[in-house]
Amino acid sequence: MTRIAVFNQKGGVGKTSTVLNLAAAIYRQGQRSLIIDMDPQGHLTEVHPNPPVAASQSLFGFYQENKPLASLAIDWEGMGKLICSHKELIKVDSIFGRGPAILNRLKHGLEAWDKTADTGNTLIDCCPYLGVLSLSAIFATDFVIIPIASDYLSLQGAQKVEHTLKALEPVLKKRIERRYLMTCYDRRRGMTFEVHEQALANFGNDVLQTVISENVAVAESPQHKQNVFQYSANSTGARDYQALLDELLESGLLPLQRKTQAAQAADINS
Ligand SMILES: Nc1ncnc2c1ncn2[C@@H]1O[C@H](COP(=O)(O)OP(=O)(O)OP(=O)(O)O)[C@@H](O)[C@H]1O
Ligand SMILES: [Mg+2]
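Below you will find a few notes about this structure. Here the structure is a predicted model, which is why all the values come from computation and not from measurement.

Focus on the packing of helix H5 (residues 100-116) against helix H6 (residues 132-140)
The relative placement of two packed helices is expressed as an angle between their axes plus a distance between the axes. Their axes nearest at 8 Å, the elements H5 and H6 cross at an angle of 45 degrees. The angle between H5 and H6 places the two elements in the oblique class. For the crossing formed where H5 meets H6, the hand is right-handed. Taking contact as the criterion, the partners of Ile102, Leu103, Asn104, Leu106, Lys107 and Leu110 in H5 are, on H6, Val132, Leu135, Ser136, Ala137, Phe139 and Ala140. By residue class, the composition of the contact of H5 with H6 is 9 nonpolar, 2 polar and 1 charged.

Next comes the structure, spelled out in structure tokens:
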């Protein structure tokens, strides 16, 4: 069971789209994921057809009332389970400070989740700034995906993440695995290739080979409360997110067992 945080200290780079569509690709492979919306903006939560309204039924209930994660997770068709965000989450920094207890709370919550839950991997959609929520996600995960929306400001955000991760490694006493993912990749723009080359120069082998093209189905699907596979299974966006999953599987970063089609159908229908 692998835990992945999707983070960049820059907004609008494709974090939410990547969590949504990577979890959907994993589901098509035959495994439900736990998806956690850790962004007080709640964009991922808005894709769910029927999210709870009360803050206590969101991740805020875990922080404020010590509710177990299992009591907050709701079913999400075609994805797995979702723990929703709420705008109250913005208060977590000011209420709890930045001590080790709060920073490790999600990690411990997920350890308890893993003992009882029937989901496989956990994917966390982070907010676009470094605070208690994003740090907690990094503390809790096995690796971080950093989307870069093929422009210079996204690249700068990614460089900030690299510095943050390097600073955290001595604290956590381990290398924090990370992979940089080019998103909103538009081959008609010279800047796309310049930013890609710069990313390769800065982050080397940590840049994923898969790129996520600028694609209308990726942009439109959330408004229909769908992931890209449900919205347009033959789109470039669906193909790219499948390629992302394939690369993560082949590199061993995501040790998901490939299943036969029959096994997948049995799993998904159970
Ligand atoms: N590959 C893509 N092709 C076209 N549009 C995209 C693509 N990826 C993301 N978008 C669009 O770009 C916008 C930002 O994407 P997204 O919400 O995934 O980014 P984010 O990093 O989560 O943003 P925030 O920091 O605000 O949470 C959205 O409107 C989304 O639909
Ligand atoms: Mg987002």
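Observations concerning H6
Most of H6 sits out of view: 9 of its 9 residues are buried. Those residues of H6 not exposed but buried are Val132, Leu133, Ser134, Leu135, Ser136, Ala137, Ile138, Phe139 and Ala140.

Quick look at the site of ligand 1
Among the 18 residues in the neighbourhood of ligand 1, the closest are listed as Lys15, Thr16, Ser17, Ser213 and Asn215. In the model, an oxygen atom of ligand 1 is placed 2.9 Å from a nitrogen or oxygen of the Val13 main chain. Measuring from an oxygen atom of ligand 1, one finds a side-chain N or O atom of Asp39 at 3.3 Å. Protein contact buries 80% of the 620 Å² of open area that ligand 1 shows by itself. At the level of secondary structure, the elements contributing two or more residues to the shell around ligand 1 comprise helix H1 (15-28), strand S8 (207-213) and helix H9 (216-220). Here the element with the most residues in the shell around ligand 1 is H1; it accounts for 3 residues. Residue composition of the shell around ligand 1, grouped by class: 6 nonpolar, 9 polar and 3 charged.

Scoring rules and cut-offs
- Residues numbered from 1 in each chain as written.
- Chains lettered and ligands numbered in written order.
- Predicted model: local features only at pLDDT ≥ 70, side-chain atom pairs only at ≥ 80, totals over all residues.
- Heavy atoms only, no water.
- Axes fitted to C-alpha atoms, helices over the stretch in contact; angles between N-to-C directions.
- Helix = DSSP H or I, 4+ residues; strand = E, 2+ residues; numbered from the N terminus.
- Parallel < 35°, antiparallel > 145°, perpendicular 65-115°, else oblique.
- Left-handed = near helix turned anticlockwise from the far one by under 90°.
- Contact = heavy atoms within 4.5 Å.
- Nonpolar A, V, L, I, M, F, W, Y, C, P; charged D, E, K, R; others polar.
- Buried < 20%, exposed > 50% of the residue type's maximum accessible area, 1.4 Å probe, protein only.
- Near = heavy atom within 4 Å.
- Polar contact = N/O pair within 3.5 Å; in protein donor to acceptor, adjacent residues only side chain to side chain.
- Areas by Shrake-Rupley, 256 points an atom, 1.4 Å probe, with all protein chains shown as cover.

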